[in-house]
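Now for the letters of each chain:
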Amino acid sequence: MFNNIIIDNFCNPDCQGTLSSPAIKLALGNPVCGDKVDIDLTLDSQGRVNNACFRAWGCTASLAMSNQFCRHVKGKTLEELNALSPEGIDALLGELEPAQQHCLDMLHKLFEQLKGKI
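The residue count restarts for each chain, going from 1 along the sequence in the order it is written. Given that this is a predicted model, residues contribute local features only at a pLDDT of at least 70 and side-chain atom pairs are listed and counted only at 80 or more, while totals for whole chains, interfaces and linings are drawn from all residues. Working from all heavy atoms in the structure, the side-chain values ignore hydrogens and water.

Under an unreviewed UniProt entry, the protein has the name NIF system FeS cluster assembly NifU N-terminal domain-containing protein and belongs to Photorhabdus temperata J3.

Structure representation (structure tokens):
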């Protein structure tokens with residue numbers, strides 16, 4: 001039912017929390033299923049994401065997606081993140097069940113929000 005990426009990120013949410021002074025705040029929700037995600041990012045002097053935390057309310061896959069997003073962005077510049085292809089974004093979550101596809105849509109929307117932050 002859940003792939004190893006989802007299981008690992010749900011069982012080991014090492015990016016859960018908030019940051020006191022984030023440089024970037026991302027937020028989105030899915031009105032169909034009720035999932036909600038808030039993400040805080042801080043940047044270092046070279047423009048790299050040096051910390052990323054999330055708070056999420058929703059299904060297992062949504063919580064795992066939020067953690068995976070934060071894990072992936074750490075250490076990368078906004079330019080590097082914006083250069084990620086749609087297929088590269090898809091690969092971050094692996095193969096999903098049909099009922100989990102809304103989390104992939106949310107992941108793409110998070111990357112879209114980043115494009116406006118450069």
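J.: Looking at this model, I keep getting lost on the UniProt feature "domain: NIF system FeS cluster assembly NifU N-terminal" (unreviewed entry) in the protein. Mind explaining?
T.: UniProt positions are given in the numbering used here, feature names are shortened, and annotations may be inferred rather than shown by experiment. Residues annotated by UniProt as "domain: NIF system FeS cluster assembly NifU N-terminal" (unreviewed entry) correspond here to residues 3-107. Taken as a whole, residues 3-107 contains 38% helix and 22% strand, while its terminal C-alpha atoms sit 16 Å from one another. Numbering of helices and strands runs from the N terminus; a helix is a DSSP stretch of H or I covering at least four residues, while a strand is a stretch of E covering at least two.

J.: Would you explain the packing of aromatic side chains in this entry?
T.: To describe a pair of aromatic rings, one takes the distance between the centres and the angle between the planes. For this analysis, a ring pair means two rings from Phe, Tyr or Trp (six-membered ring only for Trp) whose centres lie within 6.5 Å, classed as stacked if their planes differ by under 30 degrees, edge-to-face if by over 60, and tilted for the remaining angles. Within the structure shown, the criterion is met by one aromatic pair. Taking 5.1 Å as the distance between ring centres and 70° as the angle between the ring planes, the aromatic pair formed by phenylalanine 69 and phenylalanine 111 counts as edge-to-face. Taken together, the residues span a long stretch of sequence, with phenylalanine 69 in helix H2 (residues 60-73) and phenylalanine 111 in helix H5 (residues 101-115) at a distance of 42 residues. Residues phenylalanine 69 and phenylalanine 111 agree in their burial class; the two are buried. In this scheme, a residue with accessible area under 20% of its type's maximum is buried, one over 50% is exposed, and one in between is partly exposed, where area comes from a 1.4 Å probe on protein chains only.

J.: What exactly am I supposed to notice about the environment of arginine 55 here?
T.: If you trace the backbone, arginine 55 turns up in strand S3 (residues 49-57). Distance from arginine 55 to isoleucine 39, taken between C-alpha atoms, is 6.5 Å for residues 16 residues apart in sequence. Contacts are assigned to residue pairs that have any heavy atoms within 4.5 Å of one another. Those residues in contact with arginine 55 that lie beyond four places of it in its chain are Gly17, Thr18, Lys36, Val37 and Asp38.

J.: Looking at this model, I keep getting lost on the sheet that holds S3. Mind explaining?
T.: Two strands pair under a simple rule: DSSP has to find at least two bridges between them. Pairing is antiparallel in the open sheet, where three strands are placed in the order S1-S2-S3. Pairing within the sheet leaves two strands with one partner each, and these edge strands are strand S1 (24-29) and S3. Taken pair by pair, the neighbouring strands of this sheet meet at an average axis angle of 15°, ignoring direction. Note: strand S2 (residues 36-43) against S3, eight bridges, orientation antiparallel. Lines fitted to the C-alpha atoms define the axes, with helices restricted to the stretch that makes contact. Angles between their N-to-C directions range from 0 to 180 degrees.

J.: Teacher, can you tell me more about H2 here?
T.: Think of an α-helix as 3.6 residues a turn; residues three or four steps apart then line up on the same face. Under the 1.5 Å per step criterion, the end-to-end length of H2 is 20 Å for 14 residues, consistent within 8% with the ideal 20 Å. When you tally the buried positions in H2, you get twelve out of 14 residues, the bulk of the element. Among the residues making up H2, those that are buried are Ala61, Ser62, Leu63, Ala64, Met65, Ser66, Asn67, Gln68, Phe69, Cys70, His72 and Val73. On its buried side, H2 packs onto helix H1 (4-11), S1, S2, S3, helix H3 (78-82) and H5. Following H2 by one or two positions, glycine 75 has its phi on the positive side, about 85°. Working rule for helices: expected span equals 1.5 Å times residues minus one.

J.: Which parts of the structure should I look at to understand the side chain of histidine 72?
T.: Of note, histidine 72 is situated in helix H2. Apart from residues no more than four positions distant in its own chain, histidine 72 is found in contact with Leu81, Leu84, Leu92 and Phe111.

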